[in-house]
Amino acid sequence: VQLVESGGGLVQAGGSLRLSCAASGSMSSTNAMGWYRQAPGKQRELVARITSGGNTNYADSVKGRFTISRDNAKNTVHLQMNSLKPEDTAVYYCNLNFRVLVDRNYWGQGTQVTVSS
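The following refers to the structure shown. (Residues numbered from 1 in each chain as written. Predicted model: local features only at pLDDT ≥ 70, side-chain atom pairs only at ≥ 80, totals over all residues. Heavy atoms only, no water.)

### Quick word on the nonpolar core
Note the following rule: For the purposes of this section, nonpolar cores are sets of buried Ala, Val, Leu, Ile, Met, Phe, Trp, Tyr and Cys residues that join through side-chain atoms within 4.5 Å. When a residue's accessible area, from a 1.4 Å probe over protein chains only, is under 20% of the maximum for its type it is buried; when over 50% it is exposed; and in between it is partly exposed. Helix and strand assignments come from DSSP, with helices taken as H or I runs of at least 4 residues and strands as E runs of at least 2, each series counted from the N terminus.
Counting 28 residues, the largest nonpolar core has Trp 35, Leu 79, Met 81 and Tyr 92 as its most contacted members. Going through the elements one at a time, strand E3 (17-24), strand E4 (32-38), strand E5 (45-51), strand E7 (66-71), strand E8 (76-81), strand E9 (90-100) and strand E11 (111-116) are the ones with two or more residues in this core. The element contributing the most residues to this core is E9, with five residues.

In structure tokens, the structure reads:
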């Protein structure tokens, strides 16, 4: 399985960015895709996650500002980030999780998001 991310960059506080991730390879159609982020000196944390059935969950810090969506036919997931804050600055990683006998986790290479004040 490969995950390819796009859409990171530099934006001013209050601005918007849209991240995209495309998954390819052999995977279960029942899965969850999500975005995690890791800021310097901090642990990687969940930002948002969406299942193939459309169930979503968000970190409290991004609720109301970020929206996750997916296209099951294309195996893609998107993260629309609005009202960005400097504390959103991090490397954002796409994640794919599904269970075939055991839990399987796959990660993208990461994309940098920098929000200037």
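### Description of the side chain of Asp 88
Formally: Each polar contact in these results corresponds to two N or O atoms within 3.5 Å; when the atoms are within protein, one needs to be able to donate a hydrogen and the other to accept it, and residues that are neighboring in sequence are counted only if both atoms are side-chain atoms. In what follows, residue pairs with any heavy atoms lying within 4.5 Å of each other are defined as contacts.
Relative to the assigned elements, Asp 88 resides in the loop between E8 and E9. For Asp 88, the side chain forms a polar contact with the side chain of Arg 65, separated by 2.8 Å. Excluding its chain neighbours within four sequence positions, the residues that come into contact with Asp 88 are Arg 37, Arg 65, Phe 66, Ser 83, Val 113 and Val 115.

### Notes on the sheet that holds E7
We count it as follows: Strand pairing is defined by DSSP finding a minimum of two bridges between the two strands. Fitted lines through C-alpha atoms give the axes, limited to the stretch in contact for helices. The angle between two N-to-C directions lies from 0 to 180 degrees.
A sheet is described by the order of its strands in space; here four strands give the open sequence E1-E3-E8-E7, paired in antiparallel fashion. The sheet is open, and its two borders are formed by strand E1 (2-6) and E7, each paired with just one other strand. Adjacent strand axes in the sheet meet at a mean angle of 15°, parallel and antiparallel pairs treated alike.

### So, the state of the cysteines
Worth spelling out the cut-off: In this description, the term disulfide denotes a pair of cysteine sulfurs within 2.5 Å.
By the definition in use, this model includes one disulfide. With a sulfur-sulfur separation of 2.1 Å, Cys 21 is cross-linked through a disulfide to Cys 94. Residues Cys 21 and Cys 94 are joined by a disulfide whose S-S torsion is about -85°; by sign, that bridge is left-handed. Residue Cys 21 is found in strand E3, and its partner Cys 94 is found in strand E9; the two are separated by 73 residues along the sequence. Here Cys 21 matches Cys 94 in class, with each residue buried.

### Section: the environment of Ser 26
Looking at where Ser 26 falls in the secondary structure, it is placed in the loop between E3 and E4. Sequence separation of Ser 26 and Asn 82 is 56 residues, and the distance between their C-alpha atoms is 33 Å. Among all residues touching Ser 26, those that are not within four sequence positions of it are Val 1 and Phe 98.

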